[in-house]
Amino acid sequence: MSGGVDSSVAAALLVEQGYDVIGMMMRLWAEESQDGKGHNRCCTPEQMNDARRIADKLKIPFYVLDTKDVFRDKIVSYFIDQHRQGVTPNPCIECNRHIRFTYLFENAMALDADYLATGHYAQIQQTESGAYQLEMGVDDAKDQSYVLCVLQQKHMARTLFPIGRYPKTDVREMARKFGLPTASKQDSQDLCFLGDGDYRRFLRDFADDMMQSGPIVLKSGEVIGEHHGLANYTIGQRKGLGVTYSEPLYVIATNPYRNALIVGTRLDLGDDRLIAKRMNWTSDNVPDQPFDAQVKIRYKARPVPAHITPLDETRVHVQFAEPLRDITPGQGAVIYDGRVCLGGGIIERDSRFTDN
Amino acid sequence: MVSHRNVYLDYSATTPTDPRVLEKMLPYFTDEFGNTSSAHSYGRRAEDAIETARETIATLMNCRASEIIFTSGGSESDNLAIRGAAWSRLDVGNHLVTTPVEHSAVTRTVSQLVAFSDFDSAIVPVDKTASVDVEELLDNCNERTTLVSIIYANNEVGTTADMPRIAAQLRERGILFHTDAVQSAGQMTLDVQALGVDLLSISAHKFYGPKGVGALYCRDGINLAPSQTGGSHEAGRRAGTLNTPAIVGMAEALRLAYEERDERLAHYTRLRDMLKDGILEKVSDCQITGHPVHRLPSHISFVFEDVDSTRLLMHLDLMGISASGASACKTGNAEPSSVLLAMGYAPELAIGSLRLTVGQTTTEEDVAYAIEGIAAAVEKVRKLKRIVS
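Residues numbered from 1 in each chain as written. Chains lettered and ligands numbered in written order. Predicted model: local features only at pLDDT ≥ 70, side-chain atom pairs only at ≥ 80, totals over all residues.

A negative phi angle is the norm for most residues apart from glycine, just as the trans form is the norm for most peptide bonds. Backbone geometry places Lys 59 of chain A, a non-glycine residue, at a positive phi of 55°. Residue classification places Lys 59 of chain A among the exposed residues on the basis of 8 C-beta atoms within 10 Å. Despite not being glycine, Asp 306 of chain B shows a phi value in the positive range, around 60°. Among the structural elements, Asp 306 of chain B can be located in the loop between strand S10 (299–304) and helix H11 (309–318). For Asp 306 of chain B, a count of 17 C-beta atoms within 10 Å gives the class partly exposed. (Buried ≥ 20, exposed ≤ 12 C-beta atoms within 10 Å, placed from the backbone. Helix = DSSP H or I, 4+ residues; strand = E, 2+ residues; numbered from the N terminus.)

Here is the structure:
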């Protein structure tokens, strides 16, 4: 329970359905602010009080789980480290992998819980064979199956997503109906552990070594300018490069080994293939044949048609029907068959720009 | 997972109000609602109730009624004692001495005086049982020392201090001696002459009285600058209309505690020892914290290896067992208790603390259930730790 609308309504629905519900909030790592108080957006004292009040209203036990150390080690350090390697990580995927569906999951199971329920917009269905499938939430705009692609059968057998079959508008309406004080709260945005939502400022504060200026180069190797630290740029970025050239230039890759920002024209931007590593298959089985499916390369991207070729236990090759402009190393490549999430991996760096 | 038995073992946190106490209080909410400051009959009857309560408490504490000041509870009593005595003795000195195992109402009052005005302080180290060595205490006092505050019975680890011995030494040096007796009241003697203290704080809800009321004993002749200013209530030492029902309740609760002292203490000691023996037998890698002998009869405390108390308490709560860690962990901020650290425990051991305190209605069945539950919960928490870290 975060004190927000989604997890509050999830808890209320379960209480209404007759489950014995235990509320848990994770106290995550908090960025230190100058007054010495933590100031990240989740688990502020206000949110903790909100969550506790909701649990009180629902007459369920409520506990705050100390998650600081594991969150700092597995998520915050990873976030910084990946940026240092020149890729743009998706901490929410790693959080579900290491925090929610490992640390929190095991803590819940140790309390003899039958299920871990969360306020995610996704659904779990059991097929006739008894296997579990991860499906998109019914609200396309809110669907969170992308960041849940790390789930395995053992998780889905013991996980509930009570709000996954409702659109967000219904969830807000239910919050009102249940008399939960969060009915009119704003949706949370951005990374939860940032005090101000500005990850570049965060990286400057916590890893200023990676904010070293370096060359802006064309694919040919020609140096045409200077950048202010690789973490300040994202793939596909056009504005703010500070170079003049005969045609518009876009960030197409980074080379952290040479601290180089690689730019190119619109034609250079985009690719029709990628390799994803650290693959998880929600069925627990690696497909033995190549197959056609749809792939999402960002949380907010649309699934697009692709041909998937498993390379080994942990890697896949994805061939898109059409080139995509913003394939970003570090983000998830999540594979769908219609509304069913088959699994996902982390997009590898394109070796063409870093091999030499 | 849903418990079918509720076992409350957190009587050091608070106790229920004794129904006999409540009955004495009730008329003062409704019919006898007068303000003691009023010059009419309602005021006189309220004043009579308050002064009778004051005399009752004074008799039990072997002092004069004028030496009892009513407050809103233990924290206010500590604040008034320390701030009031420190301020009024600024002509004598500005040095305050405490220990690292005091209640935060004492430590934060002292640290605020140091931070915002011209005071400094010394903190006397304690040994592994949370006891202060008298010689070491005296070494930390100097010619500017005006006040020493040492807890009578420690809330976290139950250790009781040798009050008369400390008091004799301080009196010889003209240093005032305050004690937080919040945990002791109802179990240990509050005879201020025997204890030798100059200032002593109590709080009613720790001995089956109501919440929101306490008292400070202040030896005649000691000036207290009021820490709460306003009207001239309580001889100008504590402003604010007196809480008649609560004060009447506190006096009755303390009277009953003395009247039934022998039975209560025998009951506490027997059940506490059952708990202690049962847990030491059933749970591996655990040790008692605090003094093995000189401790509150109702109180036993432990540290468990490879356990964090936040998680342990969560498991116990779901079994219906209400206990306490050493420190407040409602916020999920699993910090080791500063008291245990000051006693020399390593942080990774201090984080696994558990406090169990028995009360009048605790039964042998409760204790047996708790021992089984704690043993099972410790096992689960240890197993979980092996999985997730």
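Each regular strand carries side chains that alternate between the two faces of the sheet. All names here are of chain A. As judged from the 5 bridges shared by strand S4 (residues 122–126) and strand S5 (residues 132–136), these two strands associate in the antiparallel manner. Its bridge partner lying in S5, Ile 124 is registered against Leu 134. Counting the residues in the hairpin turn of S4 and S5 gives 5 residues, including Gly 130, whose phi is positive at 95°. (Pairing = 2+ DSSP bridges.)

Okay, the domain arrangement of chain B next. All names here are of chain B. According to the domain assignment, chain B consists of domain 1 (7–15 + 261–388) and domain 2 (19–259). Taken together, the contacts link 24 residues of domain 1 with 24 residues of domain 2. Breaking the side of domain 1 that touches domain 2 down by element, the ones donating at least two residues are helix H10 (261–282), S10 and helix H12 (338–342). Among the residues forming the side of domain 1 that touches domain 2, the class breakdown is 8 nonpolar, 13 polar and 3 charged. (Domains from an automatic or database assignment. Contact = placed C-beta atoms within 7 Å. Nonpolar A, V, L, I, M, F, W, Y, C, P; charged D, E, K, R; others polar.)

Let us now look at the pairing of strand S2 (residues 68–71) of chain B. All names here are of chain B. Judged by which residues are buried, S2 turns out to be covered on both faces: Ile 68 and Phe 70 on one side and Ile 69 and Thr 71 on the other are all buried. The pairing of S2 with strand S8 (residues 214–218) spans 4 bridges and is antiparallel. Its bridge partner lying in S8, Phe 70 is registered against Ala 215.

To continue, consider the confidence of the model for chain B. Looking at chain B, the pLDDT average stands at 95 and 96% of residues meet or exceed 70. Overall fold confidence (pTM) sits at 0.87, and the ipTM for the predicted complex is 0.81. (pLDDT = per-residue confidence, 0-100.)

One frequently used descriptor of interface size is the decrease in accessible area upon assembly of the parts. Residues and elements named next belong to chain A. Each assigned domain of chain A is listed with its residue range as follows: domain 1 (5–119 + 162–177) and domain 2 (212–264). Each of domain 1 and domain 2 has a C-alpha centre, and these two points are 38 Å apart. Contacts between the two partners involve 4 residues from domain 1, matched on the other side by 6 residues from domain 2. Of the residues assigned to the side of domain 1 that touches domain 2, the class counts are no nonpolar, 4 polar and no charged.

Below, the discussion takes up the sheet that holds S10 of chain B. Residue and element names in this part refer to chain B. Spatial ordering of the open sheet is given by S9-S10-S12, a layout of 3 strands whose pairing is antiparallel. With partners counted over all chains shown, the strands left at the sheet margins are strand S9 (286–288) and strand S12 (353–357), one partner each. Sheet twist, expressed as the average angle between the axes of neighbouring strands with direction ignored, equals 25°. Both S10 and S12 contribute to a ladder of 5 bridges, which runs antiparallel. By the bridge assignment, Ile 300 is partnered in S12 with Leu 356. (Axes fitted to C-alpha atoms, helices over the stretch in contact; angles between N-to-C directions.)

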